[in-house]
Amino acid sequence: QLQLVESGGGLVQPGGSLRLSCAASGAPLGYYTIGWFRQAPGKGREGVSCIGSSGGSTTYADSVKGRFTISRDNAKATVYLQMNSLKPEDTAVYYCAAVHAYTSNLFAGNYRYWGQGTQVTVSS
């Protein structure tokens, strides 16, 4: 069974950068579409970005387009989210999630496997 573990979160000042990683185990990563989601205190889970199984198709929420970049390395069984020009409103717990590659969108209900989350705090 696929397992996902996020890392790379932390405290950063506005305008700074962080690189999140999602490490997969238990099944070949290349079989799955991967999404990044986030949840701020008191708010629902929001889709941030997703990437197709081969890495050729990517989708971004309008709120992060031009600032965040998703990528994957199936040989290393890892998906990345590079976050630049961070804003206080990006503060949230960030989760990676996976679904067998028959769909690719930012609807959380499509994703079967979830990591434990990593905290990102953007504050001056």
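In case you missed it, the structure is sitting above this.
What counts as what
- Residues numbered from 1 in each chain as written.
- Predicted model: local features only at pLDDT ≥ 70, side-chain atom pairs only at ≥ 80, totals over all residues.
- Heavy atoms only, no water.
- Pairing = 2+ DSSP bridges.
- Helix = DSSP H or I, 4+ residues; strand = E, 2+ residues; numbered from the N terminus.
- Axes fitted to C-alpha atoms, helices over the stretch in contact; angles between N-to-C directions.
- Phe/Tyr/Trp six-rings, centres within 6.5 Å; stacked < 30°, edge-to-face > 60°.
- Buried < 20%, exposed > 50% of the residue type's maximum accessible area, 1.4 Å probe, protein only.
- Polar contact = N/O pair within 3.5 Å; in protein donor to acceptor, adjacent residues only side chain to side chain.
- Contact = heavy atoms within 4.5 Å.
- Salt bridge = Lys/Arg side-chain N within 4 Å of Asp/Glu carboxyl O.
- Disulfide = S-S within 2.5 Å.

Student: Go over the sheet that holds strand β1 (residues 3–7) with me, naming the residues and quoting the values.
Tutor: With respect to topology, four strands assemble into an open sheet ordered β1-β3-β8-β7, the strand pairing being antiparallel. Where the open sheet ends on each side, the last strands, each with one partner, are β1 and β7 (68–73). Geometrically, the sheet is characterised by an average inter-axis angle of 15 degrees between neighbouring strands, direction not taken into account.

Student: Can you explain the packing of aromatic side chains? Please cite residues and give values.
Tutor: Centre distance and the angle of the planes are the two values used to describe a pair of aromatic rings. Per the counting criterion, the structure on display carries four aromatic pairs. With 6.0 Å between their ring centres and 85 degrees between their planes, tyrosine 32 and tyrosine 113 make a pair best called edge-to-face. You can see tyrosine 32 sitting in strand β4 (residues 32–39) and its partner tyrosine 113 sitting in strand β10 (residues 113–114), a full 81 residues away along the chain. Across the pair, exposure class does not vary: tyrosine 32 and tyrosine 113 are buried alike. Relative to tryptophan 114, the ring of tyrosine 95 has its centre 6.4 Å away and its plane inclined at 75 degrees; by these criteria the two rings are edge-to-face. Residue tyrosine 95 is located in strand β9 (residues 92–100), and its partner tryptophan 114 is located in strand β10; the two are separated by 19 residues in the primary sequence. Looking at tyrosine 95, the relative accessible area reads 15%, which means it is buried.

Student: Explain the side chain of arginine 67 to me, and be specific about the residues and the numbers.
Tutor: In this structure, arginine 67 sits in the loop between β6 (58–60) and β7. Owing to a relative accessible area of 11%, arginine 67 belongs among the buried residues under this scheme. A distance of 2.9 Å separates a polar atom in the side chain of arginine 67 from the backbone oxygen of serine 63. If near-sequence neighbours (up to four positions away) are discounted, arginine 67 is found in contact with Gln82, Met83, Asn84, Ser85, Leu86, Lys87 and Asp90.

Student: Describe the pattern of salt bridges, listing the residues and the values that go with them.
Tutor: Under the definition given, this model contains four salt bridges. Residue aspartate 62 is joined to lysine 65 by a salt bridge in which the shortest nitrogen-to-oxygen separation is 3.4 Å. For the pair aspartate 62 and lysine 65, a shared accessibility class is recorded, and that class is exposed. Salt bridges linked by common partners bring Arg38, Glu46, Arg67 and Asp90 together as one network.

Student: A description of the state of the cysteines should follow, citing residues and the corresponding values.
Tutor: One covalent bond between the sulfur atoms of two cysteine residues makes up a disulfide. In this structure the tally under the stated criterion is one disulfide. Here cysteine 22 pairs with cysteine 96 through a disulfide, and the sulfurs are 2.1 Å apart. Between cysteine 22 and cysteine 96, the S-S torsion sits near 70 degrees, and that sign places the bridge as right-handed. Of this pair, cysteine 22 sits in strand β3 (residues 18–25) while cysteine 96 sits in strand β9, and the two are 74 residues apart along the sequence. The exposure classification of cysteine 22 matches that of cysteine 96, with both residues buried. Cysteine 50 forms no disulfide, and the closest cysteine sulfur to it belongs to cysteine 96, at a distance of 13 Å.

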